[in-house]
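Descriptive structure summary
As a plain string of letters, each chain reads:
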Amino acid sequence: MTDMLLSGVQLHCLQRLCASRESKTPPLELDPDQKKLPGLVIDSMRPKALARVIESVPVEDLPPQVIYLVELGLELEKIQEIISRFPRFAYHILEGKVKPLVEFLVELGVPKSGIPNILYRRPQLCGISVSKNLIPAMKCLEDELGIDKQKWSKLMLWFPAMFTHSRRKINSTVSFLTEMGISKGWPQILTLSIESNLRPKWEFFLSMGYPRSELVNFPTYFSYSLEGRIKPRYALMEFCGVRLPLNH
């Protein structure tokens, strides 16, 4: 029936749009300041940090936290890669930072096999206090989002970055999204900057003429790139004279 209602050009455009459709859980778009990890601007630390875990060093001479992580399942090459991005990682002491975090994650229900990937994706977790930072952040997420405690382990596996943000950051993002009527289904966008990411996408959403219910039902919209994904697809729809739901 749809084919009969669309012209040949419109059908071709619709096929292009559908062919370029991404998963509804796309890789999260990082803010510019998130891409510039602290380790990238501490050039003076990098050589010394990497020297602590070079492959030529006998295993017994590696720092204890490195040995611990290797035994946990984090490959030495990945540890070196983390340190090249985030040199401070090499200086987090075992008993004071690394081990308490790993033990906390295990208590949370995170399988040990998943912890290496969490640390690889978000090494900053090793630099924060479990009692002073991590637990309060989780409490804030529980209060603001009503997240079931049984889901903490899965959220840690999927979105570890959200646990490294301050209560102030979480509250401000939650307030911004709540004002739009979005009250659930968006843990993956909590890490995005309001001013450089969420607000520009919100303003462009308003310009497209969709009802707000489209955004409420598809908050994952905010995880797409505005310049690389959202604007080009909207321009193509306008050119083709077709209108697709926001989640297509």
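Note that the coordinates shown come from a computational prediction; the quantities given were computed from them, not determined experimentally.

A count of helical and extended segments in the protein gives 14 helices and zero strands. In sequence order, the secondary structure elements of the protein are arranged as α-α-α-α-α-α-α-α-α-α-α-α-α-α. The buried share of the protein, reckoned over its 248 residues, is 44%. Residue pairs at least 24 apart in sequence account for 70% of intrachain contacts in the protein once pairs closer than 6 positions are excluded. Working note: accessible area of the protein is about 13300 Å², and carbon and sulfur atoms make up 55% of it.

We now examine the nonpolar core. In terms of nonpolar packing, the biggest core is built from 40 residues, with Leu 69, Phe 89, Leu 125, Leu 134, Leu 141, Met 156 and Phe 163 touching the most fellow members. Of all elements in the fold, only helix H5 (64-72), helix H6 (76-85), helix H7 (94-108), helix H8 (115-121), helix H9 (130-145), helix H10 (152-158) and helix H11 (167-179) reach the threshold of two or more residues within this core. Discounting chain neighbours no more than four positions away, the residues touching Phe 89 are Leu 69, Ile 79, Ile 82, Ile 83, Pro 123 and Cys 126.

Applying the stated criterion across every chain, the model contains two salt bridges. Two residues, Glu 227 and Lys 231, come together in a salt bridge whose shortest N-O distance is 3.0 Å. Pair noted here: Glu 227 and Lys 231 are both in helix H14 (residues 226-240), with a separation of four residues, about one helical turn. For Lys 231, a relative accessible area of 30% corresponds to the partly exposed category.

Time to look at H6. Considered for burial, the residues of H6 that qualify are Ile 79, Gln 80, Ile 82 and Ile 83. All buried residues of H6 project into a common sector of 160° when viewed along the axis, lining one side.

Across the protein, the average pLDDT comes to 77, with 74% of residues at or above 70. The weakest mean pLDDT in the protein belongs to helix H1 (residues 2-5) at 40; the strongest belongs to H8 at 94. Counting interchain partners and residues more than four positions distant, the pLDDT-below-50 stretch residues 1-15 has twelve contacts. Considering only residues more than four positions removed or in separate chains, one finds that residues 20-44, a stretch of pLDDT under 50, has 54 contacts.

What follows concerns the packing of aromatic side chains. Inspection of the entire model under this criterion finds eight aromatic pairs. The interplanar angle of 20° and the centroid separation of 5.9 Å between the aromatic rings of Trp 202 and Phe 205 together place this pair among those described as stacked. Placement of the pair is Trp 202 and Phe 205 together in helix H12 (residues 194-208), with a separation of three residues, close to one helical turn. Of the two residues, Trp 202 and Phe 205, both sit in the buried class. Connected via pairs of aromatic rings, a cluster forms that spans Trp 202, Phe 205, Tyr 210, Tyr 221 and Phe 222. Its end group placed over the ring of Tyr 210, Arg 243 keeps NZ or CZ at 4.1 Å from the ring centre.

With that settled, consider H5. Every α-helix winds through 3.6 residues per turn, so residues three or four apart in the chain are directed the same way. Listed in full, the buried residues belonging to H5 are Gln 65, Val 66, Tyr 68, Leu 69 and Leu 72. One side of H5 holds all its buried residues, which, seen down the axis, span an arc of 160°. Across H5 from its buried face, at more than 90 degrees, point the exposed residues Pro 64 and Glu 71. For H5, the elements touching its buried residues are H6, H7 and H8. Just beyond H5, the residue with positive phi is Gly 73, at close to 125°.

Attention now goes to the environment of Ile 230. In this fold, Ile 230 is placed in helix H14. In this structure Ile 230 comes out as buried when scored by relative accessible area, which is 8%. C-alpha separation for the pair Ile 230 and Phe 204, spaced 26 residues apart in sequence, amounts to 8.9 Å. Non-local contacts of Ile 230, meaning those with residues more than four positions away in its chain, are made with Lys 201, Phe 204, Met 208, Tyr 221, Tyr 224 and Ser 225.

Turning next to the packing of H9 against H11. How two helices pack is summed up by the angle between their axes together with the distance between the axes. Running from amino to carboxyl end, H9 crosses H11 at an angle of 20°, the nearest separation of the two axes being 9 Å. Viewed along their axes, H9 and H11 adopt a mutual orientation that is roughly parallel. Of the two elements, H9 crosses H11, and the hand of that crossing is right-handed. Listed contacts from H11 to Pro 136, Ala 137, Lys 139, Cys 140, Leu 141, Asp 143, Glu 144 and Leu 145 of H9 are Arg 167, Ile 170, Asn 171 and Val 174. Residues belonging to the contact of H9 with H11 are distributed by class as follows: seven nonpolar, one polar and four charged.

Rules used in this analysis
- Residues numbered from 1 in each chain as written.
- Predicted model: local features only at pLDDT ≥ 70, side-chain atom pairs only at ≥ 80, totals over all residues.
- Heavy atoms only, no water.
- Helix = DSSP H or I, 4+ residues; strand = E, 2+ residues; numbered from the N terminus.
- Buried < 20%, exposed > 50% of the residue type's maximum accessible area, 1.4 Å probe, protein only.
- Contact = heavy atoms within 4.5 Å.
- Areas by Shrake-Rupley, 256 points an atom, 1.4 Å probe, with all protein chains shown as cover.
- Core = buried A, V, L, I, M, F, W, Y, C linked by side-chain atoms within 4.5 Å.
- Salt bridge = Lys/Arg side-chain N within 4 Å of Asp/Glu carboxyl O.
- Arc of directions from axis to C-beta.
- pLDDT = per-residue confidence, 0-100.
- Phe/Tyr/Trp six-rings, centres within 6.5 Å; stacked < 30°, edge-to-face > 60°.
- Lys NZ or Arg CZ within 6 Å of the ring centre and 35° of its normal.
- Axes fitted to C-alpha atoms, helices over the stretch in contact; angles between N-to-C directions.
- Parallel < 35°, antiparallel > 145°, perpendicular 65-115°, else oblique.
- Left-handed = near helix turned anticlockwise from the far one by under 90°.
- Nonpolar A, V, L, I, M, F, W, Y, C, P; charged D, E, K, R; others polar.

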